[in-house]
Amino acid sequence: MTKPICRVCKSTVSKIFSSNVLQKYSVEYFQCSRCEYIQTENPYWLEEAYNSPINVSDTGMIMRNLWFRNVAATTIFFLFDYKGKFVDYGGGYGVFVRMMRDVGFDFYWQDKYTENLFAQGFEFAETEKLPIDLLTCFEAFEHFVDPLAEFENLLCISRNILLSSEFVPEPLPSPSEWWYYGVEHGQHIGFYQKKTFLYLAEKYNLNFYTNSQNIHLLTEKQFLAPTFKWITKVSKYITPFIQKRMQSLTWKDSKKLKTTFS
């Protein structure tokens, strides 16, 4: 049997525990000795896990999208060109893209596996090669089978990436102690530490900022570390003021779609 290696940095990994995934498969979990990334064994159960692309037990999907809207709006407004173009990678049903366009940001949707229900007409076409100021990637990194290849694909779209992923708590929790392992749905197969993202930042010559828990920014830009943490903390209070400064695209998009699909 071939000894597994880290799917991020290709270093050696050590087994940390086993767990019952999808209530039927005994799956081994490993941790990297270099970047501290935690990964499952080869995820042979994924086709079954993705019978439905959206996890049916995920009752927090809309609540998270509201929070992501606030974080993305404040991050873009204060740290990037808010008049630029943006892409939501792994955008699911398109709820987040619609929310961001309703605020006034020119966002586009991308997802290989899920039907675009709420952002139709605003799909991202990689062939256009338009400059993308920032790419968002929420609740997707833990799904990547080949995280390094996926990350390089993201960088081809934009070298500014705002993402969400829960840091593994310390001390390392068992599967019964941490909900984010997601053993009941089997879709989460990789888990990140601050050290993992620092490795990626150094490898691709980027800067890394985090709220120290679940929202992270890999970017070419450089600013004081507390700035990003402050933005994520107060975003829900600032977003209403940003909305007043922006021009919503809701009505403009409606007129465009009536012409496109008539």
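It should be emphasised that the depicted structure is a prediction, and the values quoted were computed from it without experimental measurement.

Draft legend 1. Looking closely at the overall build of the chain. Along the chain, the regular secondary structure elements total seven helices and 10 strands. For a compact globule of 262 residues, the expected C-alpha radius of gyration is about 18 Å, and the chain comes in at 19 Å, within 12% of that figure. Along the first, second and third principal axes, the C-alpha atoms of the chain reach 60 × 45 × 35 Å. Nonlocal contacts in the chain, meaning residues at least 24 apart in sequence, comprise 62% of its contacts between residues at least 6 apart. When the accessible surface of the chain is totalled, it reaches about 13,400 Å², and 54% of it is carbon and sulfur. Both charge centroids of the chain, one from 28 positive and one from 28 negative side chains, sit 8 Å from each other.

Draft legend 2. Summary view of the sheet that holds strand S5 (residues 106-110). Strand order in this open sheet of six strands is S5-S4-S6-S7-S10-S9, and the pairing throughout is mixed. Two strands bound the open sheet, and with one partner strand each, they are S5 and strand S9 (207-210). In this sheet, neighbouring strand axes are inclined to one another by 20° on average, regardless of whether the strands run parallel or antiparallel. Sheet analysis places strand S6 (residues 134-138) next to strand S7 (residues 161-164), joined by four bridges and oriented parallel. The partner of Leu135 across the bridge, within S7, is Ile161. Across the sheet, helix H3 (residues 95-103) is in contact with strand S4 (85-89), S5 and S6; its angle to S5 comes to roughly 170°. Helix H4 (residues 147-157) contacts S4, S6, S7 and strand S10 (215-219) of the sheet and is inclined by roughly 160° relative to S4.

Draft legend 3. Main features of helix H6 (residues 225-245). Taking 1.5 Å as the rise per residue, H6 with 21 residues should run 30 Å; its terminal C-alpha atoms sit only 26 Å apart, a clear shortfall. Considered for burial, the residues of H6 that qualify are Phe228, Ile231, Thr232, Val234, Ser235, Ile238, Thr239 and Ile242. Tucked inside the fold, the buried residues of H6 contact helix H2 (61-79), S7, S9 and S10.

Draft legend 4. Highlighting the packing of H2 against H6. Contact geometry of H2 with H6 gives a least axis separation of 7 Å together with a crossing angle of 90°. In this view, H2 runs roughly perpendicular relative to H6, as classed from their interaxial angle. Listed contacts from H6 to Trp67, Arg69, Asn70, Val71, Ala73, Thr74, Thr75, Phe77, Phe78 and Leu79 of H2 are Thr227, Phe228, Ile231, Thr232, Ser235, Lys236, Ile238, Thr239, Ile242, Gln243 and Arg245.

Draft legend 5. Region of interest: the side chain of Thr40. In this fold, Thr40 is placed in strand S3 (residues 38-40). Judged by its relative accessible area of 1%, Thr40 is buried. Residues within four places of Thr40 in sequence aside, it is in contact with Arg7, Val27, Glu28, Tyr29, Phe30, Trp45, His188 and Ile189.

Draft legend 6. Expanded view of the pairing of strand S2 (residues 25-32). In the sheet, strand S1 (residues 13-21) pairs with S2 via eight bridges, with the strands oriented antiparallel. Looking at S2, one finds that Phe17 is bridged to Tyr29. Linking two consecutive strands that pair antiparallel, namely S1 and S2, is a turn of three residues; a positive phi of about 55° is found at Leu22 within it. In sequence, S2 turns back onto S3 through a hairpin of five residues, with Glu36 there showing a positive phi of about 70°.

Draft legend 7. Focus on the sheet that holds S3. The strand order S1-S2-S3-S8 describes an open sheet built from four strands, whose pairing is antiparallel. Each edge of the open sheet is held by one strand with a lone partner, namely S1 and strand S8 (190-191).

Draft legend 8. Quick peek at the state of the cysteines. All told, the structure shown has zero disulfides when counted by the stated rule. Not engaged in a disulfide, the cysteine Cys9 finds its nearest cysteine sulfur in Cys32; these two sulfurs lie 3.4 Å apart. For Cys32, a relative accessible area of 4% puts it in the buried group.

Draft legend 9. The environment of Phe96, seen in detail. Relative to the assigned elements, Phe96 resides in helix H3. Taking the C-alpha atoms as reference points, Phe96 and Asn65, 31 residues apart in sequence, are found 5.6 Å from one another. The residues contacting Phe96, other than those within four sequence positions of it, are Asn65, Phe68, Arg69, Ala72, Asp88, Phe107, Thr136 and Phe138.

Draft legend 10. Inspection of the nonpolar core at higher detail. Counting 36 residues, the largest nonpolar core has Cys137, Phe141, Phe151 and Phe197 as its most contacted members. Take this core: its biggest share by element is five residues, from H4. One finds Ala72, Phe96, Leu217 and Phe223 within the second-largest nonpolar core, a separate group that totals 30 residues.

Draft legend 11. Looking closely at the environment of Glu142. Residue position: Glu142 is located in the loop between S6 and H4. Take Glu142: its relative accessible area is 0%, and that puts it in the buried class. In contact with Glu142, other than residues within four places in its own chain, are Ser164, Ser165, Tyr180, Gln187, His188, Ile189, Gly190 and Tyr192.

Draft legend 12. Structural detail: the side chain of Asn160. Looking at the secondary structure, you find Asn160 in the loop between H4 and S7. Among the polar contacts made by the side chain of Asn160, one reaches the main-chain carbonyl oxygen of Asp133 at a distance of 3.0 Å. Other than its neighbours up to four places away in sequence, Asn160 contacts Phe80, Asp133, Leu134, Leu135, Leu218, Thr219, Glu220 and Lys221.

Thresholds applied
Residues numbered from 1 in each chain as written. Predicted model: local features only at pLDDT ≥ 70, side-chain atom pairs only at ≥ 80, totals over all residues. Heavy atoms only, no water. Helix = DSSP H or I, 4+ residues; strand = E, 2+ residues; numbered from the N terminus. Rg over C-alpha atoms; globule rule 2.2 N^0.38 Å. Contact = heavy atoms within 4.5 Å. Areas by Shrake-Rupley, 256 points an atom, 1.4 Å probe, with all protein chains shown as cover. Lys, Arg positive; Asp, Glu negative; His and termini not counted. Charge placed at Lys NZ, Arg CZ, Asp CG, Glu CD. Pairing = 2+ DSSP bridges. Axes fitted to C-alpha atoms, helices over the stretch in contact; angles between N-to-C directions. Expected span 1.5 Å × (residues − 1). Buried < 20%, exposed > 50% of the residue type's maximum accessible area, 1.4 Å probe, protein only. Parallel < 35°, antiparallel > 145°, perpendicular 65-115°, else oblique. Disulfide = S-S within 2.5 Å. Core = buried A, V, L, I, M, F, W, Y, C linked by side-chain atoms within 4.5 Å. Polar contact = N/O pair within 3.5 Å; in protein donor to acceptor, adjacent residues only side chain to side chain.

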